[in-house]
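Next come the chains, spelled out residue by residue.
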Amino acid sequence: MFLKNAWYMAGWSETLAEKPQGIRMLGEKIALFRLENGEVAAIGDRCPHRFASLSGGVLVQDTLQCPYHGLRFDRSGACIHNPHHGGIIPPGAVTRSYPVEERHHGIWVWMGAPEAADPALIPDLSMLDAPELVGTRGYLHVPADYRLVIDNLMDLTHVNYLHPLLGIEDAAANTRVSVEQEGRDVWSYMWTDGSELPLLFQMLWRGPKGNAKMRGHMRWTAPAALLLDSGATEIGGDPGASIFLPTAHLLTPETETSTHYFWTQYRDVLTDDAELTQQIHAGVAHTFATEDEPMIAQVAANMDGQDFWDLRPAILNTDAGAVRARRLLAKLIREEEAAAAKEPEGAGRAVESALPA
Amino acid sequence: MFLKNAWYMAGWSETLAEKPQGIRMLGEKIALFRLENGEVAAIGDRCPHRFASLSGGVLVQDTLQCPYHGLRFDRSGACIHNPHHGGIIPPGAVTRSYPVEERHHGIWVWMGAPEAADPALIPDLSMLDAPELVGTRGYLHVPADYRLVIDNLMDLTHVNYLHPLLGIEDAAANTRVSVEQEGRDVWSYMWTDGSELPLLFQMLWRGPKGNAKMRGHMRWTAPAALLLDSGATEIGGDPGASIFLPTAHLLTPETETSTHYFWTQYRDVLTDDAELTQQIHAGVAHTFATEDEPMIAQVAANMDGQDFWDLRPAILNTDAGAVRARRLLAKLIREEEAAAAKEPEGAGRAVESALPA
Amino acid sequence: MFLKNAWYMAGWSETLAEKPQGIRMLGEKIALFRLENGEVAAIGDRCPHRFASLSGGVLVQDTLQCPYHGLRFDRSGACIHNPHHGGIIPPGAVTRSYPVEERHHGIWVWMGAPEAADPALIPDLSMLDAPELVGTRGYLHVPADYRLVIDNLMDLTHVNYLHPLLGIEDAAANTRVSVEQEGRDVWSYMWTDGSELPLLFQMLWRGPKGNAKMRGHMRWTAPAALLLDSGATEIGGDPGASIFLPTAHLLTPETETSTHYFWTQYRDVLTDDAELTQQIHAGVAHTFATEDEPMIAQVAANMDGQDFWDLRPAILNTDAGAVRARRLLAKLIREEEAAAAKEPEGAGRAVESALPA
C-alpha cells in the first residue's frame, strides 16, 4: 500500500559520491549515481540483458557500466554502449529512469509517473535550514511497514515509556496533545508542563531547573515525511533560556514490510561543540536502534500479516494524530488507484510501453 | 492440528518470579506473570492498543504495564489504567485471559473455552511426587510438530540407536513391547531382559552386574503429556537392588511446526548426591539437544510439509503405542471440531464477543 | 523445470569412501554409499519407517542402517533387516533405488525411469582423459536456478568484466563468438585475437608475449554438463607454444532455486608442479565463489521468482549459445512431459506402484 506519486528520500546527499549505490524503494530496486556535473541520476537497478544489479558496476563518463557483461546505461536508463564485437545495441536494452531532486541535504526520488514529478511537492523542511542550527544526520533500517513508524512518531507519548533517556514516565499525566490537519499535512501537537526535563534536554537547557515547558510538535506530510518542532521554554520567564531541537524523520518504504528511516537531530545551543554533536548523534542512533526499532519490529511481528484496522485497535486520545495520518494516507492511495484505473489502457505505464517489444 | 480444550505446560514454576514472561502456545502469544499472592496470571500477549508484547513490560501492583505507551492490564486481561492526560480507558482495551493452575512444579494453561477449564483434567504426574525421589527439570525447544516428539517418546527402542549413552544397540532383539489404552491414556510398555545396562543405569545400579531387567513404560495422556516409569530390577534376586528413574515429558505445541519440551529426570537412589543430580541434568539435556532434537527436526524437514499418513509410513510392531496415540489424538481433535461446528454462532468465541465492538 | 531422464553428477568419486553421503538432486534426497566391491549405490534418503535420513546412518555389510531405529536397507532400497524383537519386515519398508555409474572421476545418478538408464548417455568428457593433462577438481554451491549457471558459462564474454584475473576488459571488442548445435549438444565458440593474456594464461604461456590467440570453446550437453576447450596458440608461430587448459562444469539442480556445481581445471603445461596445481585450484575456487556465485545469486534475486522469458531480456549476439541451450533444454523437458502424459496411468511411477499399499 504505497502512494506512488510522491517524492521519497533515497539517501543523504553526502553519502553519494563517485561510487554508485543501490536502494530498494516501494519494492523497486533503484541505482543511484552522481554525474560529473554533480547531479544525481536514478535508474532501474536491473540490467535488461541478464538482470545483474547495475549499482554493483562502475561509473564510466556519466554512464553506469554493468558488472556482468559491460553494457553501459545513461541517466535516461538507455543502454548507449555494447562493448562486444559488433557493438549492436539490441531493442529492449533500456531500464526505467526516475526523476531526482536534491534538497534539504537529501536525494529525493519521484516514484510515480515521471510527467507528474513536481519539485514543489517535496516536503518543506526549511525549518531545519535556519542558520543558527547545527546538527547531525543518520539512518536506520526498520523491518516493519512504514505506517507503523509513522504511528510511532505521531504519538510521542511513547517516549516517556520506551526511552528512559529522552522521556520521563511521570510526565505522561501532564502531557497534553492536539491535532490539526491541512492539505497533506497533519500536525500532532504535544506539550508537557512543569515536569523534570529528560536527559537530552538537561544537557542543553539554559534556564532554571524545573520550570520548563517542553513541546514536541510533529508535522506529518503525506506520504511519509515527518518534521518535529521540539524544544523547551521557561514558564513565564526569560525567552532567551529557550532551546530549539528540531528533527526530521523521513521514511521511505523499502518493501511492504521494511522501511528506510532517515533522521536528523539539530539544535540551536552549544553549536560550536562538535564533540557534543557526535555524542548526540551516537545517543540518538542508539536509542532508535535499541528501543524504537525492536518495538516497531515486535509490533509488526505481533500483527502477523493482518491489517491494522482488522485488528480493531483500542484508540486513545493520544492516537489522534496517528489515526488522522493513517486515514488521510489511505484516502490518497485510494484516490491514486482510482485515477489509475480510469486512465486509458497503457497510459499509466508510459515508460514500459516506450520500450521496443 | 491442536486439541484446544486441554491443559498445557507453560513453564516450570521456579522459572517465573518477578519478571513477566512471554510464551507462544498453540500459535497464541501469552504473557505470564506472578501476582503478589503468588498466583500466576496468563493473558494475551498483545496490547490491544498498538500491539506491543505486554510480556516485555513491567509488573505494577498485580498489573502488567505495556512497554510502549504504559497502559496497565490486570489478570482478567482488562486495561485498568491509562496514564495519559484524561486517563480515559477506551472500549476494546482488553486482551484475552487464560485459566491457569500450578501443579507438579509446573504452570498449566487451559487453551480452550474458559468455562470448560477443569483442574481435574491436568495430567496426573503424582508418580513423581513420591517422597523418596530427587531430580531435576529442564526445557528444550524442538523445531517440529509436537506429534513427532510424541512418536519419538512412545517408541523408546530408538534409544538403542540414537543414544549411545542411554541405550545399547545389541539390546534391540531382547526388547519386548506391548500397548494398553484407557480413556485418554495410552501406555507403551517396554522390557529388556538380561542385556548389559546402559551407562546411566550403570551409574545408579546396586545389584550384581548383568542380571537386570530394565523397563521403560511410557504413558501418554492426550494431548501431549508423557510420563515414563523407567527402572531396572534384579532378575529373580533382591528387590532392594531395583532402581526407579521416572521422568516426565510435557509437550506444548508452540506453532504447527515447533514444540516446547519440558522434561524431568528423577531417581530414588543416591538421592543425597547433589553433584550427581547436576551431572545427570547436564547429560540428559545434552542427549536431548544433540541427539533427539536434530533427529526430530530432520524428520520434520524430510516430511516437507506433507501429512504423516499421506507419506504411508511402514509400521513396525514397536510403533504400536505411537500409532494408538496418533489415532486417539486425531479422533479427539475431530470431535472437538465437530462440537465447535455444531455450537450456535458466536458461542465458541465467548471471549471476543464480550469485548466492546 | 528439470529433465528427469538424464545422468547428473552426484559427486567426485574420491569424496565417497566408507561414510555414506546425502545429496539433494532435482529436489529428491538421495543417500549415496560405497559397497565393499567398490561400486556405488544410490537410494532414497528417507527411511520409509519414520522418515529419518538414511545417509546419517552407518554402513553395515553393504546395507545402510537407519540412525533412528536401526532398519537396514540394501542397494535396491529394500529393508532387509529389522533388528527389533520378532524382526518382521513390514510391507512398504522400501525406498527408491537409483541407477548409478562412475565415470570421468565422477558419480553419475540417473534421475528418470530406471529402465531408461543408458550409460551411453553420460556426457562425454573424454577430452579430459588425455594422458598429458594434470589438474584439480572442485565443488561450489550456487543459490540459483541451474539455467542461470548455464547462461553464465555459455557466454564467457562475462569473464572480461567479472573476473579481473581471468579476463581483460579491453579484450571484449576483439572477441568473436559463434554457435553450433548438434543433437543434445550446443557449442558456444569464442576467440580473442592479439590481446594481452589474462593472468592465468600468463602463468602458463610459453610463447612470445602479446602474440597469442585465445580460445574458449564451450560445449553444453543437455541438460547441464559443460566442457570447455580453453587454450591459447601463437599467431602464425610455433605450435609448440600453445597451451591447453580444458575444464568441465557439471551442474546438478539441487532444487528449483539452487545448484550443485562440480568443476575441474586441467592443463598440459608445467604438469609436474604440484604446488602450481594447488595454487590454480585455490584461485579458481576463489574466483567462482567470490565472483560468479554472488553474481548469479544476485541475478536470481533480481528476477524475483519470475520466468526468464517473461522478463523480456535484451539479447546480444554474445547470447547466442546460451539462448540455444535454453531453448533446446525447454524443448526436451516439454517432450519428456508430453511423453509422460501419454503413458498409461501408473507406468510413469513404476517404483512407487511396486510398493505394497
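Residues numbered from 1 in each chain as written. Chains lettered and ligands numbered in written order. Predicted model: local features only at pLDDT ≥ 70, side-chain atom pairs only at ≥ 80, totals over all residues. Heavy atoms only, no water.

On to the interface of chain B and chain C. Interfaces are often described in size by the accessible area the parts lose on coming together. Contacts between chain B and chain C engage 34 residues on the former and 27 residues on the latter. Carbon and sulfur atoms make up 53% of the surface buried where chain B meets chain C, a total of about 2,500 Å² over both sides. Across the chain B-chain C interface, the total number found is three salt bridges. In this structure, D151 of chain B engages R50 of chain C in a salt bridge whose closest nitrogen and oxygen atoms are separated by 2.8 Å. The tally of links from chain B across to chain C stands at 15 residue pairs in polar contact (both at pLDDT 80 or more). Counting only elements with at least two residues in the side of chain B that touches chain C, the list comes to α1 (146–154), α2 (159–162), β13 (175–182), α4 (274–303) and α5 (320–342) of chain B. For the side of chain B that touches chain C, the element with the most residues is α4 of chain B, which contributes seven residues. (Contact = heavy atoms within 4.5 Å. Buried area = accessible area lost by both parts, 1.4 Å probe. Salt bridge = Lys/Arg side-chain N within 4 Å of Asp/Glu carboxyl O. Polar contact = N/O pair within 3.5 Å; in protein donor to acceptor, adjacent residues only side chain to side chain. Helix = DSSP H or I, 4+ residues; strand = E, 2+ residues; numbered from the N terminus.)

Superposition record for chain B on chain C: RMSD 0.1 Å, screw rotation 120°, translation along axis 0.1 Å. Interpreted geometrically, this transformation is the action of a three-fold axis. In terms of proximity to the rotation axis, the leading residue of chain B is G305 of chain B, whose C-alpha is 12 Å off the axis. (Least-squares fit on C-alpha atoms with pLDDT ≥ 70 in both.)

All names here are of chain B. Taken together, the three strands give an open sheet; going across it, the order is β1-β11-β10, and neighbouring strands pair in antiparallel fashion. Of all the strands in the sheet, the pair left with one neighbour each is β1 (7–12) and β10 (100–103). Taking the axes of each pair of neighbouring strands and ignoring which way they run, one obtains an average angle of 30° across the sheet. Pairing of β10 with strand β11 (residues 106–110) involves four bridges; the strand directions are antiparallel. Opposite R103, over in β11, you have G106 as the bridge partner. (Pairing = 2+ DSSP bridges. Axes fitted to C-alpha atoms, helices over the stretch in contact; angles between N-to-C directions.)

Let us look at the sheet that holds strand β1 (residues 7–12) of chain C. Residue and element names in this part refer to chain C. In space, the three strands of this open sheet follow the order β1-β11-β10, with antiparallel pairing throughout. Taken across any chain shown, the strands that pair with only one partner, and hence form the sheet edges, are β1 and β10 (100–103). Direction aside, neighbouring strands of the sheet carry axes that sit 30° apart on average.

Turning to the domain arrangement of chain A, a few remarks are in order. All names here are of chain A. As assigned here, chain A comprises domain 1 (7–120) and domain 2 (124–335). Taken over C-alpha atoms, the centre of domain 1 sits 33 Å from the centre of domain 2. If you look at the interface, domain 1 gives 14 residues, while domain 2 gives 18 residues. Summed over both sides, the interface of domain 1 with domain 2 buries roughly 1,300 Å², with 67% coming from carbon and sulfur. Among the residues domain 1 hides against domain 2, the three largest losses belong to Y8, W12 and H104. Together they make up 45% of the total. Scanning the region where domain 1 abuts domain 2 turns up one salt bridge. Of the charged contacts, one joins R137 and E14 as a salt bridge, the two residues approaching to 3.0 Å between their closest N and O atoms. Between domain 1 and domain 2 we count nine residue pairs in polar contact (both at pLDDT 80 or more) in total. (Domains from an automatic or database assignment.)

Residues and elements named next belong to chain B. On the secondary structure map, H260 appears in strand β19 (residues 258–267). A distance of 2.8 Å separates a polar atom in the side chain of H260 from the backbone oxygen of R24. Those residues in contact with H260 that sit more than four places away from it in its chain are I23, R24, Y139, L140, H141, L250, L251, T252 and E254.

Looking now at the interface of chain A and chain B. The interface of chain A with chain B comprises 34 residues on the first partner and 26 residues on the second. A buried area of about 2,500 Å², summed over both sides, lies between chain A and chain B, and 53% of it is on carbon and sulfur atoms. Per-residue buried area on chain A facing chain B is highest for Y161, N302 and L316 of chain A; these three make up 26% of the total on that side. The interface formed by chain A and chain B includes three salt bridges. Here D319 of chain A ties to R50 of chain B by a salt bridge, and the two come within 3.5 Å at their closest N and O atoms. Counting the contacts that link chain A with chain B gives 14 residue pairs in polar contact (both at pLDDT 80 or more). Among the elements that make up the side of chain A that touches chain B, the one with the highest residue count is helix α4 (residues 274–303) of chain A (seven residues). Within the side of chain A that touches chain B, the residues separate by chemical class into 17 nonpolar, nine polar and eight charged. (Nonpolar A, V, L, I, M, F, W, Y, C, P; charged D, E, K, R; others polar.)

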